[in-house]
Amino acid sequence: MSLPRSLATALLAATLAGSIFPLTARMGQAAAAAPRRAHVTIQNFAFAPLTLKVSVGTTVVWTNKDTVAHTVTATHGRWGSGTLNQGQTYAYTFKKPGTYAYRCAFHSSMVATVIVGAPGHKPRAVVARPAGY
Ligand SMILES: [Cu+2]
């Protein structure tokens with residue numbers, strides 16, 4: 001007794017679909033859970049916290065609470081805010097693990113760091129990201 005070819009093909013397709021769709025569903029959940037936020041306050045000519053630890057995919061939001069203007073300027077790299085006046089915010093999403101030093105372009109004493117750690121996923125998911133992210 002053998003199955004008609006079309007039925008066998010349908011069964012194979014259903015089996016493959018059953019093994020792939022739960023995976024994509026889990027990836028969808030991980031992507032949905034990924035957006036995270038952390039906050040840095042700029043006040044009294046300092047960033048607080050001085051060192052912020054986040055995981056990959058976190059958006060860091062800086063808020064200038066001083067009456068004078070400051071900036072968030074990467075020490076090495078191309079991210080940064082430009083001038084932030086009182087009450088203004090700057091947001092940047094860290095997409096790659098690493099240690100990111102930054103400073104205020106106006107006040108040399110204002111230096112701080114964001115440390116971006118790998119997420120809880122398998123390391124190869126991080127390695128697989130394209131360079132430059
Ligand atoms: Cu400043």
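What counts, and where the lines are drawn
- Residues numbered from 1 in each chain as written.
- Predicted model: local features only at pLDDT ≥ 70, side-chain atom pairs only at ≥ 80, totals over all residues.
- Pairing = 2+ DSSP bridges.
- Helix = DSSP H or I, 4+ residues; strand = E, 2+ residues; numbered from the N terminus.
- Axes fitted to C-alpha atoms, helices over the stretch in contact; angles between N-to-C directions.
- Contact = placed C-beta atoms within 7 Å.
- Core = buried A, V, L, I, M, F, W, Y, C linked by C-beta atoms within 7 Å.
- Buried ≥ 20, exposed ≤ 12 C-beta atoms within 10 Å, placed from the backbone.

Concerning the sheet that holds strand β3 (residues 51-55)
- Read across the sheet, five strands follow the order β3-β9-β8-β5-β6 without closing on themselves; strand pairing throughout is mixed. Of all strands in the sheet, those bounded by a partner on one side alone are β3 and β6 (80-84). For this sheet, the mean angle separating the axes of adjacent strands, direction not counted, is 25°.

Focus on the pairing of strand β1 (residues 36-43)
- Judged from the seven bridges that link them, β1 and strand β4 (residues 58-64) form a sheet pairing that is parallel. In the strand pairing of β4, Val40 is matched with Trp62.
- Bridging between β1 and strand β2 (residues 46-48) involves three bridges; their strand directions are antiparallel. Across the sheet, the residue bridging to Thr41 is Ala48, located in β2.

Quick notes on the environment of Ala105
- Topologically, Ala105 is positioned in the loop between β8 (98-103) and β9 (111-117).
- With 32 residues separating them along the chain, Ala105 and Thr73 place their C-alpha atoms 6.3 Å apart.
- Dropping the residues within four chain positions of it, Ala105 is found in contact with Thr71 and Thr73.

Digging into the nonpolar core
- One finds Val40, Val60, Trp62, Phe94 and Val114 to be the most contacted residues of the largest nonpolar core, which totals 16 residues.
- Contributing elements (two or more residues each) for this core: β1, β4, β8 and β9.
- Of all the elements, β9 adds the most residues to this core, at three residues.
- Not counting chain neighbours up to four residues away, the residues in contact with Val40 comprise Phe47, Ala48, Pro49, Leu52, Val60 and Trp62.

Describing the pairing of β9
- Burial of β9 is one-sided: the residues Ala112, Val114 and Val116 facing one way are buried, the residues Val111, Thr113, Ile115 and Gly117 facing the other way are not.
- Of the pairings in the sheet, the one linking β3 to β9 comprises five bridges and is parallel in character. What sits directly across from Leu52, in β9, is Val114.
- As judged from the six bridges shared by β8 and β9, these two strands associate in the antiparallel manner. Bridging across to β9, Thr99 finds its partner in Ile115.

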